[in-house]
Amino acid sequence: MTKSPFPEGFLWGGAVAANQCEGAYLEDGKGLSPVDLLPSVEEGRWEAARNPKKALETTYNYYPSHESIDFYHRYKEDIALFAEMGFKSFRLSISWPRIFPNGDDATPNEAGLEFYDRVFAECAKYGIEPVVTINHFDTPVELFKKYGGWKNRKCIDFYLNFCDVIFKRYKGQVKYWMTFNEINMILHLPFFGGGIDVNGEANPEEVKYQAAHHQLVASAMATKLAHEIDPENQVGCMLAAGTTYAFSCDPKDVWRALEADREGYFFIDVQARGYYPSYSKRFFKENNINLVIEDGDLDVLKNHTVDYVAFSYYSSRLTSADPEVMKETEGNVFATLRNPNLEASEWGWQIDPLGLRITMNAIYDRYQKPLFVVENGLGAVDTVEADGSINDDYRIDYMREHVREMGEAIEDGVDLIGYTPWGCIDLVSAGSGEMKKRYGFIYVDRDNEGKGTLDRSKKKSFDWYKKVIESNGSDLA
Ligand code: BGP
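Residues numbered from 1 in each chain as written. Predicted model: local features only at pLDDT ≥ 70, side-chain atom pairs only at ≥ 80, totals over all residues. Heavy atoms only, no water.

A. Highlighting the overall build of the protein. Scanning the protein from N- to C-terminus turns up 18 helices and 14 strands. In summary, the protein has a C-alpha radius of gyration of 21 Å against a globular reference of 23 Å for 477 residues, a match within 12%. Each of the three principal axes of the protein carries a C-alpha extent, and together these read 60 × 55 × 45 Å. Out of the 477 residues in the protein, the part that is buried amounts to 61%. Taking contacts inside the protein between residues at least 6 apart in sequence as the whole, the part at least 24 apart equals 76%. Total accessible area on the protein stands at roughly 18400 Å², and carbon and sulfur atoms take up 49% of it. Positive and negative side-chain charges of the protein, numbering 52 and 75 respectively, have mean locations separated by a distance of 2 Å. (Helix = DSSP H or I, 4+ residues; strand = E, 2+ residues; numbered from the N terminus. Rg over C-alpha atoms; globule rule 2.2 N^0.38 Å. Buried < 20%, exposed > 50% of the residue type's maximum accessible area, 1.4 Å probe, protein only. Contact = heavy atoms within 4.5 Å. Areas by Shrake-Rupley, 256 points an atom, 1.4 Å probe, with all protein chains shown as cover. Lys, Arg positive; Asp, Glu negative; His and termini not counted. Charge placed at Lys NZ, Arg CZ, Asp CG, Glu CD.)

B. Seen up close, the packing of aromatic side chains. Inspection of every chain in the model, using the stated rule, returns 44 aromatic pairs. Seen in terms of ring centroids, Phe 71 and Phe 115 are 6.5 Å apart; in terms of plane orientation they differ by 85°. Their pairing is edge-to-face. Pair noted here: Phe 71 is in helix H5 (residues 71-85) and Phe 115 is in helix H7 (residues 110-125), with a separation of 44 residues, a long-range link. The residues Phe 71 and Phe 115 share a single accessibility class, namely buried. Both rings, one in Tyr 176 and one in Phe 372, keep their centres 6.4 Å apart while their planes meet at 90°; by these two values the pair is edge-to-face. Of this pair, Tyr 176 sits in strand S4 (residues 176-180) while Phe 372 sits in strand S11 (residues 371-375), placing them 196 residues apart in sequence. For Tyr 176, a relative accessible area of 12% corresponds to the buried category. Across from the ring centre of Phe 334, 3.9 Å away, lies the NZ or CZ of Arg 317, which sits over that ring. (Phe/Tyr/Trp six-rings, centres within 6.5 Å; stacked < 30°, edge-to-face > 60°. Lys NZ or Arg CZ within 6 Å of the ring centre and 35° of its normal.)

C. Up close: the pairing of strand S12 (residues 416-419). Here two bridges tie strand S1 (residues 11-15) to S12, and the two strands are oriented parallel to one another. From the neighbouring strand, Leu 11 faces S12, where its bridge partner is Gly 418. One ladder, built from three bridges, connects S11 with S12; its direction is parallel. Across the sheet, the residue bridging to Val 373 is Tyr 419, located in S12. (Pairing = 2+ DSSP bridges.)

D. Highlighting the site of the ligand. In the vicinity of the ligand there are 15 residues, among which Gln 20, Glu 182, Ala 430, Lys 437 and Tyr 439 approach most closely. Within the side chain of Gln 20, one N or O atom sits 2.7 Å away from an oxygen atom of the ligand. Glu 375 has a polar side-chain atom sitting 2.8 Å from an oxygen atom of the ligand. Contact with the protein chains hides 94% of the accessible area of the ligand, taken as 380 Å² for the molecule alone. For the shell around the ligand, the class distribution of residues is seven nonpolar, five polar and three charged. (Near = heavy atom within 4 Å. Polar contact = N/O pair within 3.5 Å; in protein donor to acceptor, adjacent residues only side chain to side chain. Nonpolar A, V, L, I, M, F, W, Y, C, P; charged D, E, K, R; others polar.)

E. View of the UniProt feature "active site" (unreviewed entry) in the protein. Following the UniProt record, one finds the feature "active site" (unreviewed entry) at Glu 375. Residue classification places Glu 375 among the buried residues on the basis of a relative accessible area of 5%. Setting aside residues no more than four positions away along its own chain, Glu 375 makes contact with Arg 91, His 136, Asn 181, Glu 182, Met 238, Phe 311, Ser 312, Tyr 313, Tyr 314, Thr 420 and Trp 422. (UniProt positions renumbered as here; feature names shortened; annotations may be inferred.)

F. Structural detail: the environment of Tyr 62. In this fold, Tyr 62 is placed in the loop between helix H3 (52-57) and helix H4 (64-67). A C-alpha to C-alpha distance of 6.9 Å links Tyr 62 and Ser 40, two positions 22 residues apart in sequence. When sequence neighbours within four positions are dropped, the list of residues in contact with Tyr 62 reads Pro 39, Ser 40, Glu 43, Arg 446, Asp 447, Asn 448, Glu 449 and Gly 450. Among the polar contacts made by the side chain of Tyr 62, one reaches the side chain of Arg 446 at a distance of 3.2 Å. Separated by 3.4 Å, the side chain of Tyr 62 and the backbone nitrogen of Gly 450 make a polar contact.

G. Inspection of the pattern of salt bridges at higher detail. Summed over all chains, the structure comprises 36 salt bridges. We note a salt bridge from Glu 205 to Lys 208, for which the minimum N-O separation is 3.1 Å. On the criterion of helical spacing, the pair formed by Glu 205 and Lys 208 is a turn pair, its members being three residues apart in helix H11 (residues 204-229). Residue Lys 208 is classed as buried on the basis of its relative accessible area of 9%. The salt bridge partner of Glu 401 is Arg 404, with a shortest N-O separation of 3.3 Å. Of this pair, Glu 401 and Arg 404 both sit in helix H17 (residues 393-412), three residues apart, which is roughly one turn of the helix. On the accessibility criterion, Glu 401 (29% relative accessible area) is partly exposed. Through salt bridges with shared partners, a single network forms among Asp 382, Asp 392, Arg 395, Asp 426, Arg 438 and Lys 459. (Salt bridge = Lys/Arg side-chain N within 4 Å of Asp/Glu carboxyl O.)

H. Looking closely at the nonpolar core. Judged by nonpolar contacts, the single largest core of 125 residues is most densely connected at Phe 82, Ile 94, Trp 150, Tyr 159, Phe 311, Met 360 and Tyr 465. If you look at the next biggest cluster of nonpolar residues, it comprises 19 residues, including Phe 137, Phe 144, Phe 192 and Ala 430. (Core = buried A, V, L, I, M, F, W, Y, C linked by side-chain atoms within 4.5 Å.)

I. Summary view of the sheet that holds S4. Strand order around the closed barrel formed by eight strands is S1-S2-S3-S4-S5-S7-S11-S12, with parallel pairing between neighbours. Recorded for the sheet is a direction-independent mean angle of 30° between the axes of neighbouring strands. Docked against the sheet, helix H9 (residues 154-169) engages strand S3 (129-135) and S4, running at close to 160° with respect to S3. (Axes fitted to C-alpha atoms, helices over the stretch in contact; angles between N-to-C directions.)

Okay, structure coming up:
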């Protein structure tokens, strides 16, 4: 056992999101979330996510999010298990349509607020610090239907109203906030990211960046509000990260890789530095993107930058400037070439622990703000043995190497405040809607068709992670 590179008070924990774990999709007055309209992958989840108007009109046989893993009723048991692992933090999201079922309601739904009162009280009981994502792919469907989602500037006010309610209600209980999950996702899955549909738009890119502008302004205003309501609040942005490598040393490939990374950094440049990056001017011009920026917007962005930079990291990416080479891309949301130096998960996500160190260094060099790894993990099929045990050594291997590289990055000088691996308890996959793509330390008995007892059980990785936390990252064996 070596000396731990992890600082004292490091926020070891795990992460989930309301729309993928709560279930109870209409209970106690909740409105619909985008994922509540989406079926399983077999029934056309991707198509539905890319064509939400059609999804609204279609009745599918099975909706994985409607019951999900029923965290809504089982949170006590789940949080007790997190506490048993020694969690110092728990990242969750507050379902916007649970608090404002229509998004534009005059008053919040008290029953929804009470649910999170109970969840935070449970966390407090074990000394677990909640880390809250305000909008994790959860713009109310009613806002999409009535206003077109974040295309519409009105969403800024609805979002701030939601923020005002939750900042006041949970003051003193929640200190760590994130304004939008994977804010760059709006470019790739606009319905998830912004409750918007760009089909049929003359210039879809312009619409996406306009919606992004609204979110960026909303994020800065929320940061201002959070600080006013409680100066203790720490507000972060959140990026779907993963450094892009160049396919070859041809400078054209290197340039393309830089451009690909800028696509994501664009958002964090605004949120962490406070202004639109210099390169965006040319990008907007060449793509005929003319943003409507109102008086005062740029000042708000400038004066209310985030306190920390959070991100998800599953994999590095690989790109080329050659369209012929790029025909071979795979991966779901972020197209990437297969890197011959890396192995991949059963879902084709390439496993690159050193890529995490590279990504952390790149982000820290760029922003010089504390970092928070709020998602990371291996989606894999688990087998329950006859004796009930689940020997997920592949997950332990994945996590061990990633934790090791995080330690290296800390030694490199990166200021890292915490680590909340994704899906610490098995939950519904955002991308595929499957249950069998499992990330958890805790197994949930439920399959892709929604069958199973929903009983929880510990995997081998449960005890491994417990030991990691106990030793503050020095015992990774
Ligand atoms: C991120 C999302 C999460 C989560 C994760 C894993 O993009 O923020 O919500 O789902 O990816 O992806 P998947 O569920 O598709 O395996």
